[in-house]
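Close look at the chain arrangement
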Amino acid sequence: EPVIHLEQITKEYRMGEETVRALRGVDLRIAPNELIAIMGPSGSGKSTLMNILGCLDTPNSGRYWLEGHDVARLSQSQLARVRGDRIGFVFQTFELLPRQSALRNVELPLIYAGARDRRERAVEALRRVGLGDRMEHRPAQLSGGQRQRVAIARALVHRPSILLADEPTGNLDTQTGDQILRLFTALHAQGQTIVIVTHEPDVAARCRRVVRVRDGRVEFDAANVGPALER
Ligand code: ADP
Ligand code: ADP
């Protein structure tokens, strides 16, 4: 069973008199333990697609099954739990709380969720991303790459079924970005399902599957073109 199954998803934004058709019938299946890059020019619908995948926004039409559950049928509280728990978000700008330690940043989602063994789980997540020795540092005391590692630990701490990363290397230099990519590759090797939105061909080249979005449609899906283009 796919982790994610989208069928003919459309999304429109009303802008006064005008309607922007951001997604025009997107079909997408993501199996467990895929590592996928979503590419496409600015304005093609990538952010809209990520927002829908992350249950942060709802489509105008089409169906979305997440781990077999029809997202449209979830109650508000179930949706909130899915967002907090089944999906891990990683952003270009890290979005860490500046006054809190790395450990506290990773622990906070567990505190909100009222989870048990919070400290132990946050420590484990930070060790997983190679930051076992930086747990008491605040974001300003960490490098960009280390900040992104904290954000990845925070995204992983709930053991989400899918990690959604929006331009995760966009604010990092090439070498640091490469280290973050290697971390994603390692997490993927441990079984994590990962979707990365990226402008960078180098990033996409590290992913097993590349989905290219253009004008609100899937223009190209490497998983659909057979072995010739497989890496
Ligand atoms: P990308 O992430 O690929 O740059 P977006 O999903 O942000 O693309 O945008 C797709 C289209 O939808 C663009 O034409 C954009 O201007 C429009 N759009 C995105 N978000 C909104 C919004 N909140 N309101 C109105 N139009 C939007
Ligand atoms: P990205 O850098 O990911 O492509 P964008 O610059 O397209 O992001 O959009 C940044 C934010 O602004 C997103 O949340 C998107 O939904 C929103 N947005 C994009 N285009 C528009 C628009 N035309 N009107 C209102 N909001 C928009």
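Residues numbered from 1 in each chain as written. Chains lettered and ligands numbered in written order. Predicted model: local features only at pLDDT ≥ 70, side-chain atom pairs only at ≥ 80, totals over all residues. Heavy atoms only, no water.

**Let's talk about the site of ligand 1**
Applied cut-off: When at least one non-hydrogen atom of a residue lies within 4 Å of a molecule or strand, that residue is treated as near it. Polar contact is the term for a pair of N or O atoms within 3.5 Å; when the atoms are in protein, one must be able to donate a hydrogen and the other to accept it, and sequence-neighboring residues count only if both atoms are side-chain atoms. Methods summary: accessible areas were calculated by the Shrake-Rupley approach with a probe of 1.4 Å, and residue burial reflects only the protein chains presented.
Near ligand 1 you find Tyr13, Met15, Val20, Ala22, Pro41, Ser42, Gly43, Ser44, Gly45, Lys46, Ser47 and Thr48, and these make up its full shell. Ser44 is positioned with one of its backbone polar atoms (N or O) 3.1 Å from an oxygen atom of ligand 1. Thr48 has a polar side-chain atom sitting 2.6 Å from an oxygen atom of ligand 1. Across the complex, the protein chains shield 64% of the 550 Å² of accessible surface that ligand 1 would expose by itself.

**Concerning the packing of helix α5 (residues 144-156) against helix α6 (residues 174-189)**
So the rule is basically this: Lines fitted to C-alpha atoms define the axes, with helix axes restricted to the stretch in contact, and inter-axis angles between N-to-C directions lie between 0 and 180 degrees. Secondary structure counts use DSSP, requiring at least four H or I residues in a row for a helix and at least two E residues in a row for a strand, with both numbered from the N terminus. Note on terminology: angles under 35 degrees are roughly parallel, angles over 145 are roughly antiparallel, angles of 65 to 115 are roughly perpendicular, and the others are oblique. For any pair of crossing helices, the crossing counts as left-handed if the nearer helix is rotated counterclockwise from the farther one by less than a right angle, and right-handed if it is rotated clockwise. Whether two residues touch is decided by their heavy atoms; if any such pair falls within 4.5 Å, the residues are in contact.
Running from N to C, α5 and α6 cross one another at 25°; their axes reach a closest spacing of 10 Å. Taken together, the axis directions place α5 and α6 in an arrangement best described as roughly parallel. Note that α5 runs across α6; the crossing there is right-handed. The residues of α6 that touch α5, namely those facing Gly145, Gln148, Arg149, Ile152 and Leu156, are Thr176, Gln179, Ile180, Leu183, Phe184 and Leu187.

**Regarding the nonpolar core**
Note the following rule: The set of buried Ala, Val, Leu, Ile, Met, Phe, Trp, Tyr and Cys residues whose side-chain atoms join them within 4.5 Å is what this entry labels a nonpolar core. Only protein chains enter the accessibility calculation, which uses a 1.4 Å probe; a residue whose area is less than 20% of its type maximum is buried, one above 50% is exposed, and one in between is partly exposed.
Core analysis: the biggest nonpolar cluster contains 40 residues, and Leu126, Ile152 and Phe184 have the highest contact counts within it. Elements with a contribution of two residues or more to this core: β3 (35-39), α3 (102-113), α4 (118-128), α5, β7 (162-166), α6, β8 (194-197) and α7 (201-205). Per-element accounting of this core gives the leading share, six residues, to α5. Filtering out sequence-adjacent residues up to four positions away, Leu126 remains in contact with Ala102, Leu103, Val106, Leu131, Gly132, Met135, Val150 and Ala153.

**Observations concerning the layout of surface pockets**
Heads up, the condition is: Only protein atoms enter the calculation, which uses a 1 Å grid: trapped sets of points that fit a 1.4 Å probe without letting it out are cavities, open sets showing protein on both sides within 12 Å along at least five of seven lines are pockets, and any residue with an atom within 4 Å of a point is a lining residue. Grid points are joined across faces, edges and corners, and a volume is the space filled by probe spheres set on the points. Residues are grouped as follows: nonpolar covers Ala, Val, Leu, Ile, Met, Phe, Trp, Tyr, Cys and Pro; charged covers Asp, Glu, Lys and Arg; every other residue, Gly included, is treated as polar.
Size it by volume and the largest pocket reaches roughly 550 Å³. Those elements giving two or more residues to the lining of the largest pocket turn out to be α2 (76-86), β6 (87-91), α3 and α5. Considering only enclosed or pocket space, the second largest pocket measures out at about 220 Å³ in volume. Together, 16 residues line the second largest pocket, and Thr58, Pro59, Tyr64, Val71 and Ala72 are the ones closest to its centre. Among the elements of the structure, β4 (61-66) and α2 are those that each provide at least two residues to the lining of the second largest pocket. Residues of the lining of the second largest pocket, tallied by class, amount to nine nonpolar, three polar and four charged.

**A short note on the pairing of β8**
Basically, it comes down to this: If you view a crossover with the strands going away from you and the path from the first strand over the helix to the second runs clockwise, you call it right-handed.
Here β8 shows a buried face lined by Ile194 and Ile196 and a second buried face lined by Val195 and Val197. Between β7 and its parallel partner β8, the chain crosses via α6, and the hand of that crossover is right-handed.

**Structural notes on the sheet that holds β7**
Note the cut-off: Any two strands between which DSSP finds at least two bridges are classified as paired.
Strand order in the open sheet made by the six strands is β6-β7-β8-β3-β9-β10, with mixed pairing throughout. Each edge of the sheet is formed by a strand with only one pairing partner; in this case those strands are β6 and β10 (217-221). Taken pair by pair, the neighbouring strands of this sheet meet at an average axis angle of 20°, ignoring direction. Judged from the four bridges that link them, strand β9 (residues 209-214) and β10 form a sheet pairing that is antiparallel. Paired with Arg214 across the strands is Arg217, a residue of β10.

**Observations regarding helix α1 (residues 46-53)**
Judged by how many residues are buried, α1 sits mostly within the fold: six of eight residues are covered. Within two residues after α1, Cys55 carries a phi angle of roughly 60°, on the positive side.

**Section: the sheet that holds strand β2 (residues 18-30)**
Each strand in a sheet pairs with its neighbour through backbone hydrogen bonds, running either in the same direction (parallel) or in the opposite one (antiparallel). Spatial ordering of the open sheet is given by β2-β1-β4-β5, a layout of four strands whose pairing is antiparallel. At either end of the open sheet lies a strand with only one pairing partner, and these are β2 and β5 (69-70). Judged from the two bridges that link them, β4 and β5 form a sheet pairing that is antiparallel. If you follow Trp65 over to β5, its bridge partner there is Asp70.

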